[in-house]
Amino acid sequence: MSALSSDNVGLAFALTLAAGLATAVGSLLVLFSRRPNPRLLAFGLAFAGGAMVYVSLSEILNKSIASFSSGHGDRLGFTYGTLWFLAGVLLVVAIDHLVPNPHETLDKQDPALKEHGRSNIRRVGLLSAVAITAHNFPEGLATFFATLESPSLGLPLAFAIAIHNIPEGIAIAVPVYFATGRKSYAFGASLLSGLAEPVGAAIGYFALGGVLSHDTFGAVFGLIAGIMVFLALDELLPAAKRHAKGHETVYGLVMGMATIAVSLVLFKW
């Protein structure tokens, strides 16, 4: 990696912070809801799950493969990226065995959401926040160092990541809001997760600038892609289905995927 230039440090931090704060924008969409609504919860969880699956398989995993390929060639790059993706899946499987999820059934007739249902949703929100926050660290590093290398490269990357972070903010805010009933908690959780990006940039600038490698980025992106896909399929979508009264789950899933897909198409123009 080339030596760090101080000329673009301020711009790099600013772009990374702006991209991270997009998670808070996503949480603001949740705040328009006047009171907890199970159908909105179902749609929101499915939307977040669809967005997470699509961006993980179409963007994050490809970043992992590209990072490995730059140093090891296309064949080994694809192999290493795939192995780290599967390692991410196995990691969450291990955590799921250590902290079993009872998948409690929520009484859909109770508009206030019973405590057992709240506990399950709270757990989903926590796992979503942890996975997305971990994912935001390498995104912050990627945005920061891309901008240091070339602002013309860092700006569109930051824009794309900001678009991706909006549904991630929804993924955190929706379960936190429905578990606690506090909009301020939902906003705060999304904001803190987004701030992981400038924190990751700071770590990269002050501690990791001389030791970052393509293999490091490849491993981190592959791991996070696996974690996010498993989380969406095992936690977000089943939880959405339990709260749905109609087709909210499939509509949310398709809309989440479509939102990310359209954002990626527009970004490439």
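Up top you'll find the structure we're talking about.
Not measured: the values here are computed from a predicted model.

Draft legend 1. Region of interest: the overall build of the chain. The number of helices and strands found in the chain is eight helices and zero strands. Along its sequence from the N terminus, the chain presents helices and strands in the succession α-α-α-α-α-α-α-α. Counting the 269 residues in the chain, one finds 49% classified as buried. A total of about 12400 Å² of accessible surface is found on the chain, and carbon and sulfur atoms cover 71% of it.

Draft legend 2. Looking closely at the packing of aromatic side chains. In total, this model carries three aromatic pairs according to the counting rule given. Ring centres of F13 and F144 lie 4.7 Å apart, and the angle between their planes is 45°; this geometry places the pair in the tilted category. Of the two residues, F13 is situated in helix α1 (residues 9–31) and F144 in helix α3 (residues 115–149); the sequence distance between them amounts to 131 residues. Its relative accessible area of 23% is what places F13 among the partly exposed residues. An angle of 65° between the planes, with centres 5.6 Å apart, marks the rings of F68 and Y80 as edge-to-face. Here the basic side chain of R182 rests over the ring of Y185, its NZ or CZ set 4.8 Å away from the ring centre.

Draft legend 3. Expanded view of the side chain of T16. When you line up the elements, T16 lands in helix α1. When neighbours within four sequence positions are excluded, T16 is seen to be in contact with G140, T143, F144, E197, P198 and A201.

Draft legend 4. View of helix α5 (residues 183–194). With 12 residues, α5 extends 17 Å between its outermost C-alpha atoms, agreeing within 8% with the 16 Å of an ideal straight helix rising 1.5 Å per residue. All of the buried residues along α5 are A186, S190, S193 and G194. The buried side chains of α5 occupy one side of the element, clustering within an arc of 105° when seen end-on.

Draft legend 5. Molecular detail of a nonpolar patch on the surface. Judged by side-chain polarity, V250, Y251 and V254 come together as a nonpolar surface patch covering roughly 290 Å² of accessible area. Looking at where V250 falls in the secondary structure, it is placed in helix α8 (residues 248–267). V250 gets classed as partly exposed once you look at its relative accessible area, which sits at 40%.

Quick notes on the rules
- Residues numbered from 1 in each chain as written.
- Predicted model: local features only at pLDDT ≥ 70, side-chain atom pairs only at ≥ 80, totals over all residues.
- Heavy atoms only, no water.
- Helix = DSSP H or I, 4+ residues; strand = E, 2+ residues; numbered from the N terminus.
- Buried < 20%, exposed > 50% of the residue type's maximum accessible area, 1.4 Å probe, protein only.
- Areas by Shrake-Rupley, 256 points an atom, 1.4 Å probe, with all protein chains shown as cover.
- Phe/Tyr/Trp six-rings, centres within 6.5 Å; stacked < 30°, edge-to-face > 60°.
- Lys NZ or Arg CZ within 6 Å of the ring centre and 35° of its normal.
- Contact = heavy atoms within 4.5 Å.
- Expected span 1.5 Å × (residues − 1).
- Arc of directions from axis to C-beta.
- Patch = residues over 30% accessible without salt bridge, like charges linked within 9 Å, V, L, I, M, F, W, Y side chains within 5 Å.
- Salt bridge = Lys/Arg side-chain N within 4 Å of Asp/Glu carboxyl O.

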